[in-house]
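Secondary and tertiary structure notes
Letter by letter, the chains look like this.
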Amino acid sequence: MSENSMPYSSEPNAADASASDLSASDSSAAKSTAAQTGMDVPHFAVPRKASAAYGLLGLPLAFVALPVYVHLPNIYAQQYAVPLAALGGVLLFSRSIDALVDPWLGRWGDRLYRHSWRAVWWAAVLLAIAVALGFAALFFPPAAALSSGGLLVWVAAALTLSHLAYSGLGILHQAWAARQGGGGLAQSRWVAWREGFALMGVLLASALPALWGWGLTTALLVVLLVLGLWTWQRTALRAPALPQLQSHEEANGSLWQPWKHAEFRRLLAVFMLNGLASAVPATLVLFFVQDRLQAPKAMEPLFLGIYFATGALSFPLWLKVIDRIGLLRTWATGMVLSVLAFMGVSVLGQGDSNGFLVVCALSGIALGADLTVPGALLNQLIDRCGERGRSD
């Protein structure tokens, strides 16, 4: 039997030799977790095949993430004459509901994991079906049968369904990796493969509608959801058994438990500011290309493709940087690069397509750090605060 088909080994292989160089903070966090929760945090080499199989589900999930913000306002404004202000209100409404429900989705996910993997699996299947239905409803509205007000209600309902199903499935998927423990570098490997596939998904969902149309893009989403669920299940069934979460009484602590930790509050503030900084240009990029650069429509997939492709290709680089300088400094480096890259946008005007391609490439490299580090940093914080095993 090959190494990649075996349960994760506790012995590092040559490809993962750097795992032995984890920082002292990772080791102390693991010891603290073991002392506080009565559990041993597993430390094992993560085979590439296993982390890739787990991460594949990130590809179809990405279809409902950034591409919705990039394409949806443009489509509904141009094809259905929906005012941008009204679309902005719908987007804000949908995301606000998602933000309010997310903690309860996390609590629900904890209960599913305490029950059994089978419960998690069937919940993931149902949520994947909801993701596909919401996505199809968004891009194939019965516009001819609806008034302008009815169309707004339709898009609000479809968008909320898509967001809630995406969040629920994403939480279950991310929680599985978080429960594997293993320290900052091991977590960054799970996260890097998941976010690497997510970048590929964003790239496909950004470019394929212009090449294939929304019908084939939606069909591909369904196929990839099925494939991603299957490979995740195979990975989960082969993973080493983990200690169960703590007792029902301890696990059902207050939803405000994370807020008791100052480190969590500081990290959440950075998450929010960073998310806002990413969301604004993502929503406006196509309008900038059309109205400021006045570039040909055929170039729109190229701008998006360069941005996401360089982000995906930069993942191995950022993993090496993480290994050398740690998660926090790596994230800060990526932020600085992103700021410097976007400063160039202020001097671009009509016909400066080549200049914008350079901006897209540099900011795409910065995106690689932005998607690799935060999830791994949060998982490391869970260990350091002694919360793993209580609720992940």
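All figures in this text were calculated on a predicted structure; none of them were measured in a lab. (Residues numbered from 1 in each chain as written. Predicted model: local features only at pLDDT ≥ 70, side-chain atom pairs only at ≥ 80, totals over all residues. Heavy atoms only, no water.)

What to know about the overall build of the protein
A tally of helices and strands in the protein yields 15 helices and zero strands. The 392 residues of the protein split such that 50% are buried. At a minimum sequence separation of 6, the contacts of the protein that also span at least 24 residues come to 84%. Total accessible area computed for the protein in this model is approximately 18200 Å², and 68% of it derives from carbon and sulfur atoms. (Helix = DSSP H or I, 4+ residues; strand = E, 2+ residues; numbered from the N terminus. Buried < 20%, exposed > 50% of the residue type's maximum accessible area, 1.4 Å probe, protein only. Contact = heavy atoms within 4.5 Å. Areas by Shrake-Rupley, 256 points an atom, 1.4 Å probe, with all protein chains shown as cover.)

Comments concerning the packing of aromatic side chains
Within this structure, the stated rule accounts for twelve aromatic pairs. Here Phe-135 and Phe-139 contribute two aromatic rings whose centre-to-centre distance is 5.0 Å and whose plane-to-plane angle is 55°, an arrangement assigned as tilted. You can see Phe-135 and its partner Phe-139 sitting in helix 6 (residues 117-139), four residues apart, about one turn around the helix. For the pair Phe-135 and Phe-139, a shared accessibility class is recorded, and that class is buried. Aromatic side chains Phe-288 and Phe-356 sit 5.2 Å apart centroid to centroid with 45° between the ring planes, which places their arrangement in the tilted category. Here Phe-288 is found in helix 11 (residues 262-293), whereas its partner Phe-356 is found in helix 15 (residues 353-384), with 68 residues between them in sequence. Note on Phe-288: relative accessible area 18%, which makes it buried. (Phe/Tyr/Trp six-rings, centres within 6.5 Å; stacked < 30°, edge-to-face > 60°.)

Notes on the nonpolar core
By size, the foremost hydrophobic cluster in this structure holds 56 residues, and its most contacted members are Leu-72, Leu-169, Leu-172, Trp-176, Leu-229 and Trp-232. Those elements giving two or more residues to this core turn out to be helix 2 (48-55), helix 3 (58-61), helix 4 (66-78), helix 5 (84-115), helix 6, helix 7 (148-178), helix 8 (183-212) and helix 9 (214-238). For Leu-172, the residues in contact, after removing those within four places along its chain, are Gly-109, Leu-112, Tyr-113, Val-120, Ala-123, Ala-124, Leu-127 and Trp-232. Residues Phe-288, Leu-293, Tyr-307 and Cys-360 belong to the second largest nonpolar core, which totals 25 residues. (Core = buried A, V, L, I, M, F, W, Y, C linked by side-chain atoms within 4.5 Å.)

Let's talk about a nonpolar patch on the surface
A contiguous nonpolar surface patch, about 390 Å² in accessible area, is contributed by Leu-126, Ile-129, Leu-133 and Leu-161. For the nonpolar patch, the element with the most residues is helix 6, which contributes three residues. As for its position among the elements, Leu-126 is in helix 6. (Patch = residues over 30% accessible without salt bridge, like charges linked within 9 Å, V, L, I, M, F, W, Y side chains within 5 Å. Salt bridge = Lys/Arg side-chain N within 4 Å of Asp/Glu carboxyl O.)

Quick notes on the side chain of Asp-370
Turning to its location among the elements, Asp-370 is positioned in helix 15. Buried and unpaired, Asp-370 has Arg-194 as its nearest opposite-charge partner, separated by 12 Å. There is a polar contact of 3.0 Å between the side chain of Asp-370 and the side chain of Trp-331. (Lys, Arg positive; Asp, Glu negative; His and termini not counted. Polar contact = N/O pair within 3.5 Å; in protein donor to acceptor, adjacent residues only side chain to side chain.)

Comments concerning the packing of helix 2 against helix 9
Put simply, helix 2 and helix 9 touch, their axes get as near as 7 Å, and they point 135° apart. One element, helix 2, and the other, helix 9, form an angle in the oblique class. With respect to the hand of their crossing, helix 2 and helix 9 are arranged in left-handed fashion. Where helix 2 approaches helix 9, its residues Ala-50, Ala-53 and Tyr-54 are matched on the opposing element by Thr-231, Trp-232 and Thr-235. (Axes fitted to C-alpha atoms, helices over the stretch in contact; angles between N-to-C directions. Parallel < 35°, antiparallel > 145°, perpendicular 65-115°, else oblique. Left-handed = near helix turned anticlockwise from the far one by under 90°.)

Focus: the environment of Met-200
Within the secondary structure, Met-200 sits in helix 8. Sequence separation between Met-200 and Ala-312 is 112 residues, and the spatial gap between their C-alpha atoms is 6.8 Å.

Topic: the environment of Ala-50
Within the fold, Ala-50 resides in helix 2. Exposure remark for Ala-50: the relative accessible area of 8% places this residue in the buried category. The spatial distance from the C-alpha of Ala-50 to the C-alpha of Thr-235 is 6.0 Å, given a sequence separation of 185 residues.

What about unusual backbone geometry?
Phi is positive for Ala-81, which is not a glycine, with a value near 55°. Within the secondary structure, Ala-81 sits in the loop between helix 4 and helix 5. Classification of Ala-81 by relative accessible area gives exposed; the value is 62%. You will see that Gln-294, though not glycine, has its phi angle at about 55°, which is positive. Among the secondary structure elements, Gln-294 is positioned in the loop between helix 11 and helix 12 (300-313).

A word on helix 9
The terminal C-alpha atoms of helix 9, which comprises 25 residues, lie 36 Å apart, in line with the 36 Å expected from a rise of 1.5 Å per residue. Among the residues of helix 9, Trp-214, Thr-217, Thr-218, Leu-221, Leu-224, Leu-225, Gly-228, Leu-229, Thr-231, Trp-232, Thr-235 and Ala-236 are the ones counted as buried. (Expected span 1.5 Å × (residues − 1).)

Considering helix 14 (residues 327-343)
Here helix 14 is 17 residues long and its end C-alpha atoms lie 25 Å apart, about the 24 Å a rise of 1.5 Å per residue gives. Of the positions making up helix 14, those classed as buried are Leu-327, Thr-330, Trp-331, Gly-334 and Ala-341. Down the axis of helix 14, the sector holding all buried residues measures 95°, keeping them to one side. Residues of helix 14 that are exposed and point more than 90 degrees away from the buried face comprise Leu-328, Arg-329, Val-339, Leu-340 and Met-343. (Arc of directions from axis to C-beta.)

Observations regarding the confidence of the model for the protein
Summing up the model confidence of the protein, the mean pLDDT is 77 and the portion of residues at 70 or higher is 79%. For the protein, helix 1 (residues 24-37) is the element with the lowest average pLDDT, namely 38, and helix 6 is the one with the highest, namely 94. Of the regions scoring below 50 in pLDDT, residues 1-44 engages in 79 contacts with residues more than four places distant in sequence or in other chains. Of the regions scoring below 50 in pLDDT, residues 247-252 engages in eight contacts with residues more than four places distant in sequence or in other chains. (pLDDT = per-residue confidence, 0-100.)

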